[in-house]
Amino acid sequence: MEIEVAPLTELPEGRGVRVETAGHRIALFRIGDDVYALGDRCSHAEASLAEGEVFDREVECPRHGAEFDLRTGRPLSLPATRPVPVYAAEVRDGVVYLTIDEEGDRS
Ligand code: FES
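Since we're looking at a predicted model, the values are computed, not measured.

1. A few points about the nonpolar core
In globular proteins that are soluble, nonpolar side chains generally tend to be buried together.
Here is step 1: If you look at the biggest cluster of nonpolar residues, it comprises 26 residues, and the most contacted ones within it are Leu28, Val35, Ala37, Leu38, Leu49 and Ala89.
Here is step 2: Within the residue set of this core, elements represented by two or more residues are strand S3 (24-31), strand S4 (34-39), strand S8 (86-92) and strand S9 (95-99).
Here is step 3: Apart from the residues within four sequence positions on either side, Leu49 is in contact with Gly16, Ala27, Leu38, Asp40, Cys42, Val59, Cys61, Phe68 and Val84.

Laid out in structure tokens, this is it:
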């Protein structure tokens, strides 16, 4: 299922935004013209990654500091050891779209 989110220019640069849609809680990150989308629950203890600090293409969990790769959802540092879900985000004609697999992980 594809969902139209917002014009790219409405997303803040270099920090997260939470989007709740179709039963999923998703953290969106705009880095320049690119947009990344992760499940918005840290795999360690469920803090909101949308509230974390963004460095390069990584986000640091605001609760205990685990870092996640925005491209893969994989943890890059402890205490998180499991990845978070990654959603396909695409920019077309200046508009951000998310693709949500209804059979996939709920976040
Ligand atoms: S809740 Fe994210 S590192 Fe603990």
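2. Details of the sheet that holds strand S6 (residues 58-60)
Sheet strands line up and pair through hydrogen bonds in the backbone, either parallel or antiparallel.
Here is step 1: Across the sheet, three strands lie side by side as S5-S6-S7; this open sheet has antiparallel pairing. A single partner strand is all that each edge strand has here, and the edge strands are strand S5 (53-55) and strand S7 (67-69). Averaged over all neighbouring strand pairs, the angle between strand axes comes to 25 degrees, with direction disregarded.
Here is step 2: When S6 meets S7, the two strands line up antiparallel, connected through three bridges. In the strand pairing of S7, Val59 is matched with Phe68.

3. A closer look at the pairing of S3
Here is step 1: Taking burial as the measure, the eight residues of S3 include six buried ones, the bulk of the element.
Here is step 2: Pairing of strand S2 (residues 16-21) with S3 involves six bridges; the strand directions are antiparallel. Counterpart to Glu20 in the pairing with S3 is Arg25.
Here is step 3: Two successive antiparallel strands, S2 and S3, enclose a turn made up of two residues, where Ala22 displays a positive phi of approximately 50 degrees.
Here is step 4: Hairpin connection between S3 and S4: a loop of two residues separates the two successive antiparallel strands, and Gly32 in this loop has a positive phi of roughly 65 degrees.

4. Observations regarding the environment of Ser43
Here is step 1: Along the chain, Ser43 turns up in the loop between S4 and S5.
Here is step 2: On the basis of neighbour count, Ser43 is assigned to the buried category, with 22 C-beta atoms found within 10 Å.
Here is step 3: On a C-alpha basis, the gap between Ser43 and Pro75 in space is 8.7 Å, while along the polypeptide they are 32 residues apart.
Here is step 4: The residues touching Ser43, leaving out its near neighbours within four places in the chain, are Pro75, Ala80, Arg82, Pro83 and Val84.

5. Focus on the sheet that holds S4
Here is step 1: Pairing is antiparallel in the open sheet, where six strands are placed in the order S1-S9-S8-S4-S3-S2. Here the strands that pair on one side only, and so sit at the sheet edges, are strand S1 (2-7) and S2. The average undirected angle you get between the axes of adjacent strands in this sheet is 30 degrees.
Here is step 2: Where S3 meets S4, six bridges bridge the pair, whose relative direction is antiparallel. Pairing of Leu28 across the sheet is with Ala37, part of S4.

Procedures and definitions
Within any chain, residue numbers begin from 1 and follow the written order of that chain's sequence. Local features in this predicted model are restricted to residues whose pLDDT is 70 or higher, and side-chain atom pairs enter the listing and the counts only when it is 80 or higher, whereas totals over whole chains, interfaces and linings include all residues. What makes a nonpolar core is a set of buried Ala, Val, Leu, Ile, Met, Phe, Trp, Tyr and Cys residues, with links drawn between C-beta atoms within 7 Å. We call a residue exposed when 12 or fewer other C-beta atoms sit within 10 Å of its C-beta, buried when the count reaches 20 or more, and partly exposed for counts in between; the C-beta positions come from the backbone. Comment: elements are numbered from the N terminus, with helices defined as DSSP H or I runs of at least four residues and strands as E runs of at least two. Each residue is represented by a C-beta atom placed from its backbone, and any two residues with such atoms within 7 Å are regarded as in contact. When DSSP locates at least two bridges between a pair of strands, those strands are taken to pair. A fitted line through C-alpha atoms serves as each axis, taken over the contacting stretch for helices, and the angle formed by two N-to-C directions is quoted from 0 to 180°.

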